[in-house]
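Each chain, letter by letter, is given below.
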Amino acid sequence: RIYMKIAKNIVTVISMLIISATANAKDLEKAPKFKEYPVELSKTKNTSITEWSGYEDFKTRIKNAIKAKPNAAGKYIITGWGCGGGCHNYVIINKETGKVLPYSLGNYDADYDIDDNGTLPNSKLIVLRKEDTAFFNILDNDKLELIGTMPALKDEESQ
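The model shown is predicted, which means the values in this text are computed figures rather than measured ones.

Draft legend 1. Summary view of the sheet that holds strand β6 (residues 133–140). Pairing is antiparallel across the open sheet formed by 4 strands, whose spatial order is β4-β5-β6-β7. Among the strands making up the open sheet, the edge pair consists of β4 (113–114) and β7 (143–151). Two elements, strand β5 (residues 125–130) and β6, share 6 bridges in a ladder whose sense is antiparallel. Bridging from a neighbouring strand, Ile126 pairs with Asn137 of β6.

Written as structure tokens, this is what we have:
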């Protein structure tokens, strides 16, 4: 009798794992794809900041970042730095205008991180993560717009 209970519990756990793996695969199929939001890469070589938006205390970090090629949405550089206590600060730089945009464009704060591989230079799609949720956004015209969410895959699941 006890063996039957153990066997039944094992079958239940295995079934839950299979359903969970299937749900992750289905979620992944429904997730927005970078290729669905293409954008041309900017050719600008602008390396000067025109608007700081209150980030003057991070001049060195931001001035160094704008020298790089865009890493998001064709003309934007998303860069960040640690605050020394486990959190991160991010800004979005419009390389064409030299304007520093607050990361809070889409009401995000330091609790949200840019997902690993969450940007591509030639796509408007930006993937952010908070705990176990992925947030899919479009970065366009200096605005970050949320288009959807889904459970985030754990790092080992996304490989």
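Draft legend 2. Here's a closer look at the sheet that holds strand β3 (residues 99–102). What the 3 strands build is an open sheet, ordered β1-β2-β3; its pairing is antiparallel. The two strands at the open ends of the sheet, each matched to only one other strand, are β1 (76–82) and β3. The average undirected angle you get between the axes of adjacent strands in this sheet is 30°. Summarising the sheet, strand β2 (residues 88–94) and β3 pair through 4 bridges and their orientation is antiparallel.

Draft legend 3. Structural detail: the side chain of Ser123. Counting through the fold element by element, Ser123 comes out in the loop between β4 and β5. Owing to a relative accessible area of 1%, Ser123 belongs among the buried residues under this scheme. Looking at Ser123, its side chain comes within polar contact range of the main-chain oxygen of Tyr37, at 3.3 Å. Contacts of Ser123, omitting those with residues within four sequence positions, involve Phe34, Tyr37, Val39, Ala72 and Ala73.

Draft legend 4. Spatial organisation of the pairing of β2. The element β2 is largely enclosed, with a buried count of 5 among its 7 residues. With 7 bridges joining them, β1 and β2 adopt antiparallel strand pairing. Residue pairing in the sheet places Trp81 in a bridge with Asn89 of β2.

Draft legend 5. Structural detail: the environment of Ile66. Mapped onto the elements, Ile66 comes out in the loop between α2 (59–65) and β1. Owing to a relative accessible area of 0%, Ile66 belongs among the buried residues under this scheme.

Draft legend 6. Highlighting the packing of aromatic side chains. Per the counting criterion, the structure on display carries 2 aromatic pairs. Ring geometry for Tyr55 and Phe58: centres 6.5 Å apart, planes at 45°, overall tilted. With a centroid separation of 4.6 Å and 35° between ring planes, the pair formed by Phe58 and Trp81 is classed as tilted. Pair noted here: Phe58 is in the loop between α1 (2–30) and α2 and Trp81 is in strand β1, with a separation of 23 residues, a long-range link. Through a chain of ring-to-ring contacts, the aromatic side chains of Tyr55, Phe58 and Trp81 assemble into a single cluster. Here the basic side chain of Lys59 rests over the ring of Trp52, its NZ or CZ set 5.6 Å away from the ring centre.

Draft legend 7. Here's a closer look at unusual backbone geometry. The backbone of Ser53 shows a phi angle near 50°, a positive value even though the residue is not glycine. A positive phi angle, near 50°, is found at Asn141, a position not held by glycine. Positionally, Asn141 belongs in the loop between β6 and β7. Among the residues examined, Asn141 registers a relative accessible area of 56% and is labelled exposed.

Draft legend 8. Focus on the pattern of salt bridges. Within the structure shown, the criterion is met by 2 salt bridges. For Glu96, the salt bridge goes to Lys75, with nearest N and O atoms at 3.8 Å. With Glu96 in the loop between β2 and β3 and Lys75 in the loop between α2 and β1, this residue pair connects regions lying 21 residues apart in the sequence. Its relative accessible area of 42% is what places Glu96 among the partly exposed residues. Note that Lys124 and Asp140 form a salt bridge whose closest N and O atoms lie 3.3 Å from each other. Of the two residues, Lys124 sits in the loop between β4 and β5 while Asp140 sits in strand β6, which places them 16 residues apart along the sequence.

So, how was this worked out
Residues numbered from 1 in each chain as written. Predicted model: local features only at pLDDT ≥ 70, side-chain atom pairs only at ≥ 80, totals over all residues. Heavy atoms only, no water. Pairing = 2+ DSSP bridges. Helix = DSSP H or I, 4+ residues; strand = E, 2+ residues; numbered from the N terminus. Axes fitted to C-alpha atoms, helices over the stretch in contact; angles between N-to-C directions. Buried < 20%, exposed > 50% of the residue type's maximum accessible area, 1.4 Å probe, protein only. Polar contact = N/O pair within 3.5 Å; in protein donor to acceptor, adjacent residues only side chain to side chain. Contact = heavy atoms within 4.5 Å. Phe/Tyr/Trp six-rings, centres within 6.5 Å; stacked < 30°, edge-to-face > 60°. Lys NZ or Arg CZ within 6 Å of the ring centre and 35° of its normal. Salt bridge = Lys/Arg side-chain N within 4 Å of Asp/Glu carboxyl O.

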